[in-house]
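Survey of secondary and tertiary structure
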Amino acid sequence: MRVPAGLPALGLRSFRAKFIAIVGTAVLFDLLLSSGLALWNVQRLSSDATVRLGEGLTEATEEYMRTYAVNTARDANLLINQVHAEVNALADVLQSQIGNPGQQAAVGEAVARVNPSATSVAYDEKGGWAQNRPGSPSVVSVWGYLLGPDRKPLPAVQAEIDDSAVIDLVAPSLMAAGSPKLQMYYIGPKTAPIFRTIPYTDQAQTFDRLYPGHNTSEFWTFFFPGLYESWERWLAEPGTRPVGSEITMTAPYTDAITGKLIVSFFRPLVSRDHSRVAGVAGTDITLDQLAEVVKSVRVADTGFGFLAMSNGNVLAIESAGEKTLGLVSSSDAAGQGVTAVDRSLRKSIEPAVASLSLDAAGGAVRRIELDRAGTPMPYVIALYPLSPVHLWSGGQVASETMSVGIVVPESEIYAPLHAAQQGISQATKRIIEWQIAAILLCMIVVLGAIVGISKRITAGLSALADGARKLQAQDYSVRVDIPTRDEVGEVGLAFNRMAEEIRYHTENLERLVEERTVELARANEEISGLNAKLADENLRLGAELDVARHIQQMVLPKRSDLDAVPEIEIAAFMQPADEVGGDYYDVLRNGSAVKVGIGDVTGHGLESGVLMLMVQSVARALHEAGETDPKTFLSHVNQAIFKNIERTGSGKHLSLAFLDVAGPEVVLTGQHEDVIVVRSCGEIEILDTVDLGFPVGLEPDISRFIETKTFYFGKGDLIVLYTDGVTEAVNGDGIMFGMERLCKSIFDRRERSSEIIKSGVIGDLLAYIGTEKIHDDITLVVLRHK
């Protein structure tokens, strides 16, 4: 077979065959590799999207449940606070009566005239107690041991009956309004514990049925052992009351009157002279009423809420939730006292619930697995604490923090997540199928294109090979003619230019060498001149920095300046990070007035040092001029510094604070680092200066930001001032020295002289830094009141 001129044959050893094989293999490999990477990236993107979506939805779900728990806890707090308010309203009326005996007697007599049954009781032969008959809004029960030989109430007991009759005027309105309540009542003091309750019920009869033997036992000891004693202790020692509220809540128990599960709220009343407990106002709400708060919880399809005490006893929960958590209700009717109800998480038949921690500080979201027909099912629980209350559950009253819990099956709360993940998976599958189809199509097209263009490419390459051989034979006049305008054609043009340049450079090589030699000599002379100028400039700058550093050291307070304050022992230290520092401190004394200043210019170096000198000069001039008002003083300093900064255009500013010491009183003004005060007793106080000023040099007028703080500076007390170069110095691990280490270093030497404290702190700081470079100016000032 004949091949056209200029076109290589397509044999197995021909360049064209090799080109097709090599290029085809490379292109196909690249196509397969890039396509494989694309498929891998799609899968990875899908996986990442699923993970990110899961993380986002999980975080959002947890925040939603945490917020739901917070809102439910708020509703529970509102209910309890409303009950507290209504008990307080009744107690305030009764307490007002106690504080006004004349009014108390008049009200009792008026109620008795209108409704005699409010203050008169009749003896019951069967029960051995006395009780008023129906016709009064309230029922009054008088236990047998409070009756005299004539079976009438003892005089003190009758007085309690008369004085408590005011409840008939107040309690009905409180019962009709506000939160749902089972009953409201008054119980007399330990010496005369009559029981007056609204509404009227067969009170004493129900007590006999539920609590045999109560009629001959002391009421408070029998029903609420330890409760009355807790109130008496609070009265004698107010500081022993665990919570700020005066109201005590009981643990759930069976009501003696209605037989319902209730929670009682008591507020003790005090005698006129505040020496003893004078009775108690109270109300009862049922657990059903309390459960309304959590019964309203609706999360997903089967989510529910519960209210639990810190010991795990569940006060409120709907029946379905009780079954889900595996709770078992029980009551303890043995012995004296009210019948307690126990429905504790700790006794749950579900191990995950029994071991559940109720520590819900700040809100907590936990995951547990519960058994459902033999299959573990994951649940999500969100907890949030209620406000602390007084709780009596037998014995002394203690602080109690109840918690609201929100429980939701994980499958319901994460249903949107699962749906989204499934959608991503299906979309990924479709993308991969289309990608594979596109890869196969590309492979067919690429192979056809390679075969088609190999003709044009190999013809040009053959021409280039011929030209290269002639060029190798030093025929620099060779030129190739490639008519194509593709990359091979560009290579041909480049080959022709290269051949021309080779010919030109070969003919002119010696002349070019001489020209380059002259140019290099000239450049060398210029570099030598620049090096000489640079050395002169470095020498001049070094001299200027030495002068600036010397001036800065000259204006710092001398030892004689520090010792000139007779009542204060002062020690100071400053070490700049560069040749010139930007830290400022000074001790100014004009007569008996002593002003100690400390500041930190942004950055360090010459500009910062010059600004520090400006601050020192302005502050000393104002002090010598007799400016004594701290706010005005700092405002004038800022005005002068702002104008200088504006003129120089340095863009610097500084934190600046002053201490005005006058006897045992110190006035602090200006914004800087915290001021450390160590009292002679060893107590450390940290004074925040953020709200006392504004960075100096940023605004022309900062007077509206300036405030003062006055504190006591007594004999033996220490004041320590510092810049952030102390606390922010780092060791080899990049960990800062910090406020805690600084305070400890000062505290360990608090009984030594100011100079020893200063040297010790600097020694600790430098030892902590070690061989690390000091990146910021370090300044420390220690003042001890002699």
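This report concerns the structure included in the present document. (Residues numbered from 1 in each chain as written. Predicted model: local features only at pLDDT ≥ 70, side-chain atom pairs only at ≥ 80, totals over all residues. Heavy atoms only, no water.)

**Thoughts on the overall build of the protein chain**
From N to C terminus, the protein chain includes 19 helices and 28 strands. Looking at the 786 residues of the protein chain, the share that counts as buried comes to 45%. Summarising the internal contacts of the protein chain: among those between residues at least 6 apart in sequence, 65% fall at separations of at least 24. A total of about 39,000 Å² of accessible surface is found on the protein chain, and carbon and sulfur atoms cover 57% of it. (Helix = DSSP H or I, 4+ residues; strand = E, 2+ residues; numbered from the N terminus. Buried < 20%, exposed > 50% of the residue type's maximum accessible area, 1.4 Å probe, protein only. Contact = heavy atoms within 4.5 Å. Areas by Shrake-Rupley, 256 points an atom, 1.4 Å probe, with all protein chains shown as cover.)

**Structural notes on helix 4 (residues 167-176)**
Turning to helix 4, its buried residues number three or more, namely I167, D168, V170, A171 and L174. All buried residues of helix 4 project into a common sector of 165° when viewed along the axis, lining one side. Across helix 4 from its buried face, at more than 90 degrees, point the exposed residues L169 and A176. Backbone geometry just after helix 4 places G178 at a positive phi near 75°. (Arc of directions from axis to C-beta.)

**Topic: the nonpolar core**
Residues V142, F219, W220, F224 and W231 are the most contacted members of the largest nonpolar core, which totals 53 residues. Counting 38 residues, the second largest nonpolar core, distinct from the first, contains Y68, A291, L315 and L386. (Core = buried A, V, L, I, M, F, W, Y, C linked by side-chain atoms within 4.5 Å.)

**Observations regarding a nonpolar patch on the surface**
On the surface, F29, L33, L37 and W40 cluster together to form a nonpolar patch covering roughly 430 Å² of accessible area. Considering the arrangement of structural elements, one finds F29 in helix 1 (residues 15-99). (Patch = residues over 30% accessible without salt bridge, like charges linked within 9 Å, V, L, I, M, F, W, Y side chains within 5 Å. Salt bridge = Lys/Arg side-chain N within 4 Å of Asp/Glu carboxyl O.)

**Quick word on the pairing of strand 5 (residues 195-198)**
Regular strands have side chains that alternate between both faces of the sheet. Burial of strand 5 is two-sided: the residues F195 and T197 facing one way and the residues R196 and I198 facing the other way are all buried. With three bridges joining them, strand 3 (residues 139-142) and strand 5 adopt antiparallel strand pairing. When the sheet's bridge partners are listed, V140 is paired in strand 5 with R196. Alignment of strand 4 (residues 183-187) against strand 5, held across four bridges, turns out to be antiparallel. (Pairing = 2+ DSSP bridges.)

**Notes on the environment of G738**
Following the sequence through the fold, G738 ends up in helix 18 (residues 738-748). Sequence-wise, G738 and E728 are 10 residues apart; in three dimensions their C-alpha atoms are separated by 6.2 Å.

**Here's the deal with the sheet that holds strand 10 (residues 304-308)**
Taken together, five strands build an open sheet; the order of strands is 11-10-18-15-14 and the sheet is antiparallel. Pairing within the sheet leaves two strands with one partner each, and these edge strands are strand 11 (314-317) and strand 14 (364-372). Averaged over all neighbouring strand pairs, the angle between strand axes comes to 25°, with direction disregarded. On top of the sheet, helix 8 (residues 287-295) reaches strand 10 and strand 11; it is set at about 65° to strand 11, its chief contact. (Axes fitted to C-alpha atoms, helices over the stretch in contact; angles between N-to-C directions.)

Note that every value here comes from positions in space, so none of it alone points to a role or purpose.
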